[in-house]
Each structure stands twice: as C-alpha cells, then as structure tokens.
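# Structural features, examined
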Amino acid sequence: AVVSTQSTGLQAVLNKLTKCESPTIQQSLLVVFIKLFNHDLEGSMSFLQSINTPSGENGLVYVLKSWCEIQEMFTGEYETKVAVIALTKFLPHLLATDSPLSLI
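No experiment lies behind these values; they were computed from the predicted model shown. (Residues numbered from 1 in each chain as written. Predicted model: local features only at pLDDT ≥ 70, side-chain atom pairs only at ≥ 80, totals over all residues. Heavy atoms only, no water.)

## Considering the nonpolar core
Ranked by size, the top nonpolar core spans 27 residues in total, and within it Phe33, Ile34, Phe37, Leu48, Val63 and Trp67 carry the most contacts. Where this core is concerned, the elements lending two or more residues are helix H1 (2–19), helix H2 (23–39), helix H3 (41–49), helix H4 (59–70) and helix H5 (77–95). Apart from residues no more than four positions distant in its own chain, Leu48 is found in contact with Phe33, Phe37, Asn58, Gly59, Leu60 and Val63. (Core = buried A, V, L, I, M, F, W, Y, C linked by side-chain atoms within 4.5 Å. Buried < 20%, exposed > 50% of the residue type's maximum accessible area, 1.4 Å probe, protein only. Helix = DSSP H or I, 4+ residues; strand = E, 2+ residues; numbered from the N terminus. Contact = heavy atoms within 4.5 Å.)

Rendered as structure tokens:
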C-alpha cells in the first residue's frame, strides 16, 4: 500500500510538471525527481519508464527533457548542487549502449 501511495504521489508530481509554466515551480517539481535519482538512480529511472504523462509521453523522457530545458535557470545553491550531483550519476548510463537513456 505504501508503494502504491508513493507511486500515485509521484505520478501526481509528473502530471503537475506537465501543466506548469513557471520555471520556479518546474524546478521545485523536478527537484523531487532529482533527489530520487540521487537516492536510487536505477529504481527511479525504472519507475519513470513505467509511467506516462497525461499526453502519453514516457515519464523518464519527459522529466529528463524538462530538466535539460531549465537546468541553466536553476536558482538556489542547494538545488543546483543536488542537480549537478545527479547529472554526474547519469554519466555512466549515457556511455552504456544498453542503457534506457540511449533511447532518449
């Protein structure tokens, strides 16, 4: 029951991200996923691959695209630091040919 509640909450964050136009709020919503990437990159990528946005786009693709679009506008020392650390965790996956990231 806890996992489904967390999944429902994360799906809600993703849905809200798709409707949000404010870069500041987008950053706050993306930081939720960025923290998850720092905690459990494999599990977070797997979860996001298993869900879709309301328009049908893959969750992982949408989050990564959104993140790349606004990363340069991140404000706040903590948010920037957390994002940079997560980006470094993605590097080995970007270099692996069998990575789910190779599809993006």
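Right, picking up where we left off after that structure.
## Concerning the packing of H3 against H4
At a closest axis distance of 6 Å, the pairing of H3 and H4 adopts a crossing angle of 115 degrees. Compared by their axis directions, H3 and H4 come out roughly perpendicular. Residues Met45, Leu48 and Gln49 of H3 pack against Gly59, Leu60 and Val63 of H4. (Axes fitted to C-alpha atoms, helices over the stretch in contact; angles between N-to-C directions. Parallel < 35°, antiparallel > 145°, perpendicular 65-115°, else oblique.)

## Here we look at H5
The end-to-end C-alpha separation of H5 is 28 Å, in line with the 27 Å expected for 19 residues at 1.5 Å each. Of all the bends found along H5, the most pronounced is centred on Lys89 and spans about 25 degrees, while Pro92, a proline, follows it within four residues. Looking only at H5, the buried set comprises Val82, Ala83, Ala86, Phe90 and His93. Packed against the buried residues of H5 are H2, H3 and H4. (Expected span 1.5 Å × (residues − 1). Bend = angle between axes of the 7 residues up to and from the residue.)

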